[in-house]
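Topology and contacts: notes
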Amino acid sequence: MNDEPNCCRPPDGEPTAASAPVPVWLVVLTLALVFLGAVYFDRHSGWFDRQVFAPYSSAETLAFYQPKSGAAALAARGKSVYDSVCGICHGGDGLGKPGQAPPLAASEWVTRDVNSLARVPLAGLNGPIQVAGHEWNLSMAPMGAGLSDADLAAVLTYIRAAWGNQGSPVSEADMKAARAAISGNSPSAADLAKMTPAERGHAVFKKYGCFQCHGEDGKGGVTNPNAKTAEQVPSLVYVADGYNQAELIAFVKRGERVIPRMNPNGPEPPHFMPKWDPIINDAEMSDLAAYLFSLKPKGEKLDF
Ligand code: HEC
Ligand code: HEC
């Protein structure tokens, strides 16, 4: 009977496993390590970016919604001006359109000095010109003359950095200087205040280069090969007979992209009537209409 408890005992000398109390120092050390680990994890934001909170999931999405400042804001503003004013002709991809406008991507005109570049949207450009090794012989009206210095700086900064172009940014001060150099003899605000609407309208006609296509004082005569209107850009002297004020303003805003051809099978006439809508503001438009109506020779009003 009393042998029983010894039945399973290993022979003397074999090591035995028995439970022993965990030493206090080990418990303390473990807790200390867990605590330090938690502090470290917390300090370093675990697997999360400490700038990012719900509902945003990553730093990139967050950056997308941040208010843009400096260069990024300028480029975003420039892209929207480009899309509404320049892209119609030069294309959203900056590659231009055959027979309509040369490319801005890889164009030496775009990355040259700011004053020469600014001259194009402010004063317009008449061919023949070379762009990236190809000749173009069209004409661009001063499509940027109605933009503020800030918008013009933004759009030029945008085209100088888009599509692989590598030009320096353009500042508002650069634009102010370029505009002053170009429109040296355009009337001051004080002069404009003293003028009649028709006189102000004449200044608008010059500012936007309408004369480049319609001739000095709107008398016409600029050749437009294969245009139905006697292969010329039409004279504006008699618009008072064909339009009332609202119709005239609506037409100038809309423009006319497709010019009727003299010979239907011949080439597209190179000059078309640009769309002036976002470019010329409402006050300028009504002055412009007053000017165009004033062109009709006085005596002829009695002919009816
Ligand atoms: C109605 C069409 C039209 C619009 C709108 C237009 N352009 Fe042009 N642009 C042209 C044409 C046509 C030429 C080529 C003129 C020539 O042959 O001399 C040109 C030439 C240029 C050139 C020099 C040549 C080149 O390709 O680099 C620049 C720079 C330019 N445009 C910038 C602009 C900017 C900036 C805007 C917007 C503010 C703008 N253009 C809006 C038609 C347009
Ligand atoms: C790039 C050349 C060009 C420029 C710049 C231009 N026009 Fe025109 N415009 C034309 C052509 C071409 C026509 C003829 C449209 C047609 O045959 O349908 C036209 C037609 C017109 C007509 C209608 C004439 C009629 O008898 O029905 C008016 C008005 C007019 N333009 C006003 C202006 C004003 C104002 C400006 C300046 C803000 C201007 N245009 C700038 C090319 C131009």
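Residues numbered from 1 in each chain as written. Chains lettered and ligands numbered in written order. Predicted model: local features only at pLDDT ≥ 70, side-chain atom pairs only at ≥ 80, totals over all residues.

1. Notes on helix α13 (residues 282–294)
For α13, spanning 13 residues, the distance from its first C-alpha to its last is 19 Å, which sits close to the expected 18 Å at 1.5 Å a residue. Listed as buried for α13 are M285, D287, L288, A289, Y291 and L292. Elements in contact with the buried residues of α13: α9 (197–207), α11 (239–242) and α12 (245–254). (Helix = DSSP H or I, 4+ residues; strand = E, 2+ residues; numbered from the N terminus. Expected span 1.5 Å × (residues − 1). Buried ≥ 20, exposed ≤ 12 C-beta atoms within 10 Å, placed from the backbone. Contact = placed C-beta atoms within 7 Å.)

2. Describing the site of ligand 1
Near ligand 1 you find 30 residues, and of these C86, C89, S107, G127 and M140 are the closest. Broken down by element, the shell around ligand 1 gets its largest block of residues, five residues, from helix α3 (residues 70–90). Among the residues forming the shell around ligand 1, the class breakdown is 23 nonpolar, seven polar and no charged. (Near = placed C-beta within 6 Å. Nonpolar A, V, L, I, M, F, W, Y, C, P; charged D, E, K, R; others polar.)

3. Here we look at the site of ligand 2
Around ligand 2 there are 27 residues in total, and A141, C210, C213, E256 and M273 lie nearest to it. For the shell around ligand 2, the secondary-structure elements that each account for two or more residues are α10 (210–214), α11 and α12. At four residues, the largest contribution of residues to the shell around ligand 2 is made by α10. When its residues are assigned to classes, the shell around ligand 2 shows 18 nonpolar, eight polar and one charged.

4. Focus: the environment of Q245
Within the secondary structure layout, Q245 lies in helix α12. The partly exposed category is assigned to Q245, around which 14 C-beta atoms lie within 10 Å. In the structure, Q245 is positioned 40 residues away from M285 in sequence and 9.8 Å away in space, judged by C-alpha atoms.

5. Points about the nonpolar core
By size, the foremost hydrophobic cluster in this structure holds 42 residues, and its most contacted members are Y82, V155, L156, I159, I280 and L288. Mapped by element, the contributors of at least two residues to this core are α3, α5 (114–123), α6 (149–161), α7 (172–182), α9, α10, α12 and α13. For this core, the element with the highest residue contribution is α6, accounting for seven residues. Counting residues domain by domain, this core receives three or more from each of domain 1 (69–184) and domain 2 (185–297). For V155, the contacting residues outside a window of four places in its chain are G78, V81, Y82 and C86. (Core = buried A, V, L, I, M, F, W, Y, C linked by C-beta atoms within 7 Å. Domains from an automatic or database assignment.)

6. Let's talk about the packing of α9 against α13
One can describe the packing of α9 onto α13 by two numbers: an axis separation of 7 Å at closest approach and a directional angle of 100 degrees. When the axis of α9 is compared with that of α13, the two are roughly perpendicular. Residues P197, A198, R200, G201, H202, V204 and F205 of α9 form the contact with α13, whose own contacting residues are E284, D287, L288, A289, A290, Y291 and S294. For the contact of α9 with α13, a count of residues per class yields eight nonpolar, three polar and three charged. (Axes fitted to C-alpha atoms, helices over the stretch in contact; angles between N-to-C directions. Parallel < 35°, antiparallel > 145°, perpendicular 65-115°, else oblique.)

7. A closer look at unusual backbone geometry
We note that N226 has phi near 70 degrees; this positive angle belongs to a residue other than glycine. In this fold, N226 is placed in the loop between α10 and α11. Backbone geometry at E231 places phi at a positive 55 degrees, although glycine is not the residue there. Inspection of the secondary structure assignment puts E231 in the loop between α10 and α11.

8. Let's talk about α3
Relative to the 30 Å expected for 21 residues at 1.5 Å per residue, α3 spans just 26 Å between its end C-alpha atoms, considerably shorter than the ideal helical length. A maximum bend of about 55 degrees is found in α3 at D83. If you check which residues of α3 are buried, you get L74, G78, V81, Y82, V85, C86 and H90. Where the residues of α3 are buried, they touch α6. (Bend = angle between axes of the 7 residues up to and from the residue.)

9. Comments concerning the environment of N165
Tracing the sequence through the fold places N165 in the loop between α6 and α7. Each C-alpha atom of the pair N165 and E108 lies 9.3 Å from the other, and the pair is 57 residues apart in sequence. Setting aside chain neighbours within four positions, we find N165 in contact with A105, V110, T111, I159 and R160.

10. Considering the packing of α12 against α13
At a closest axis distance of 10 Å, the pairing of α12 and α13 adopts a crossing angle of 115 degrees. Judged by the angle between their axes, α12 and α13 are roughly perpendicular. Considering how the two elements wind past one another, α12 and α13 form a crossing that is right-handed. Contacts between α12 and α13 involve Q245, L248, I249 and V252 on the former and, on the latter, M285, L288, A289 and L292. (Left-handed = near helix turned anticlockwise from the far one by under 90°.)

11. So, the confidence of the model for the protein
Confidence along the protein averages 86 in pLDDT terms, with 86% of residues attaining 70 or more. Of all the helices and strands in the protein, helix α2 (residues 59–65) carries the lowest mean pLDDT, 64, while α12 carries the highest, 97. (pLDDT = per-residue confidence, 0-100.)

12. Description of the environment of N263
Among the secondary structure elements, N263 is positioned in the loop between α12 and α13. Using a count of 9 C-beta atoms within 10 Å as the deciding quantity, one classes N263 as exposed. In sequence terms N263 and A227 are 36 residues apart; their C-alpha atoms lie 8.2 Å from each other.

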